[in-house]
Amino acid sequence: MPAAAAPDAPRRRGPRADGTDTRGAIRAAAAAEFAERGFASATIRSIAARADVDPALVHHYFGSKAALFRDVTQIPVDPAAGLPGVLAGPPEQLGMRLARHVLTLWEDPAFRTPLLTIVRSALVDPERARPLREYLESQLLPAVARELPGPDAPQRVVLAATQLIGIVLGRHVVGLAELTRPTVEQLAGRVAPTVQRYLDGTDQA
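What counts, and at which threshold
- Residues numbered from 1 in each chain as written.
- Predicted model: local features only at pLDDT ≥ 70, side-chain atom pairs only at ≥ 80, totals over all residues.
- Heavy atoms only, no water.
- Salt bridge = Lys/Arg side-chain N within 4 Å of Asp/Glu carboxyl O.
- Helix = DSSP H or I, 4+ residues; strand = E, 2+ residues; numbered from the N terminus.
- Buried < 20%, exposed > 50% of the residue type's maximum accessible area, 1.4 Å probe, protein only.
- Core = buried A, V, L, I, M, F, W, Y, C linked by side-chain atoms within 4.5 Å.
- Contact = heavy atoms within 4.5 Å.
- Axes fitted to C-alpha atoms, helices over the stretch in contact; angles between N-to-C directions.
- Left-handed = near helix turned anticlockwise from the far one by under 90°.
- Nonpolar A, V, L, I, M, F, W, Y, C, P; charged D, E, K, R; others polar.
- pLDDT = per-residue confidence, 0-100.
- Polar contact = N/O pair within 3.5 Å; in protein donor to acceptor, adjacent residues only side chain to side chain.
- Patch = residues over 30% accessible without salt bridge, like charges linked within 9 Å, V, L, I, M, F, W, Y side chains within 5 Å.
- Areas by Shrake-Rupley, 256 points an atom, 1.4 Å probe, with all protein chains shown as cover.

K.L.:
Any chance you could break down the pattern of salt bridges for me, citing the residues and the numbers?
P.N.:
All told, the structure shown has ten salt bridges when counted by the stated rule. For the salt bridge of R27 with D71, the shortest nitrogen-to-oxygen distance reads 2.3 Å. Of this pair, R27 sits in helix α1 (residues 22–41) while D71 is found in helix α4 (residues 65–72), placing the two residues 44 residues apart along the sequence. A salt bridge links E185 to R100; the nearest nitrogen and oxygen atoms lie 2.8 Å apart. Of the two residues, E185 sits in helix α11 (residues 184–200) while R100 sits in helix α6 (residues 94–107), which places them 85 residues apart along the sequence. Given a relative accessible area of 42%, E185 falls into the partly exposed group. For R100, a relative accessible area of 31% translates into the label partly exposed. Each of E33, E36, R37 and R50 takes part in salt bridges that share partners, so that together they form one network.

K.L.:
How would you explain the nonpolar core if you had to name every residue and give the values?
P.N.:
Membership of the largest hydrophobic core comes to 54 residues, with the highest contact counts inside it found for I26, F34, L68, L98 and L199. Dropping the residues within four chain positions of it, L68 is found in contact with I26, A30, F34, I47, V58 and F62.

K.L.:
Could you give an account of the packing of α4 against helix α8 (residues 130–145), with specific residues and numbers?
P.N.:
Look at α4 against α8: their axes get within 12 Å of each other, and the N-to-C directions meet at 145 degrees. For the pair α4 and α8, the sense of crossing is left-handed. For the pair formed by α4 and α8, the contact residues are A66, F69 and R70 on the first element and P131, L132, Y135 and Q139 on the second. Taken together, the residues that form the contact of α4 with α8 break down as five nonpolar, one polar and one charged.

K.L.:
Quick one: what's the story with helix α2 (residues 44–51), residue by residue and with numbers?
P.N.:
Listed in full, the buried residues belonging to α2 are I44, S46, I47, A48 and A51. At the exit of α2 stands D52, carrying a positive phi of roughly 60 degrees.

K.L.:
Could you give an account of the confidence of the model for the protein chain, with specific residues and numbers?
P.N.:
Per-residue pLDDT for the protein chain averages 86, and the proportion of residues at 70 or more is 90%. Looking over the protein chain, one finds the lowest element-wise mean pLDDT in helix α7 (residues 109–124), namely 82, and the highest in α11, namely 97. Below a pLDDT of 50 lies the segment residues 1–10, which in the model reaches zero contacts outside its immediate sequence neighbourhood of four places, other chains included.

K.L.:
Give a description of the side chain of E33 that names residues and reports values.
P.N.:
Looking at where E33 falls in the secondary structure, it is placed in helix α1. Here the side chain of E33 touches R50 through a polar contact of 2.7 Å, side chain to side chain. The contact partners of E33, leaving out residues within four places of it in the chain, are G38, A42, S46, I47 and R50.

K.L.:
Which residues make up the environment of D52, and what values go with them?
P.N.:
Looking at the secondary structure, you find D52 in the loop between α2 and α3 (55–62). A C-alpha to C-alpha distance of 9.2 Å links D52 and A29, two positions 23 residues apart in sequence.

K.L.:
Provide a residue-level description of a nonpolar patch on the surface, including the pertinent values.
P.N.:
On the surface, I165, L169, V173, V174 and L176 cluster together into a nonpolar patch covering about 400 Å² of accessible area. Mapped onto the elements, L176 comes out in the loop between α9 (153–174) and α10 (177–180). For L176, a relative accessible area of 44% gives the class partly exposed.

Rendered as structure tokens:
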């Protein structure tokens, strides 16, 4: 009779015996997985397998796939962290709160610099933006859409986001004078009514 197949070797559960940086190995594996498979298809298990560690170690070092993605892309600020406060106020003022939140985030160089790197890379190769796009579509935009009525809420949120993305690109990438001179509060006040119309659906009224 043929010999029984040897069981798979267990994944590493602690620091590597050869002194290799376990956290660094996970980050490198995650960067490769996100680049090749995108945010949606990459999993904690696939990242752990690539790094040759137990999936529990990925959770131990980074907490979640979203947190690992932010670490790999060097975005130290969680853009979703302030969303509960943004969503908690009066619905008729959500456009202003959301505009202020997004535009304020982009004023922080620690947040802006890695995002601009991704945006500029995407202009050369759109595929490079896929992990970020999937992150937005699975983590941030649905969080806002869940708070809105109507079956078309996800589309309305994306339309609202395009208004803010346009302001961000004009202010921080193109450097249009009429967008760089105003304060965040001034810009938020100008764009908020349009954002609000998308969010509450009155853009089609």
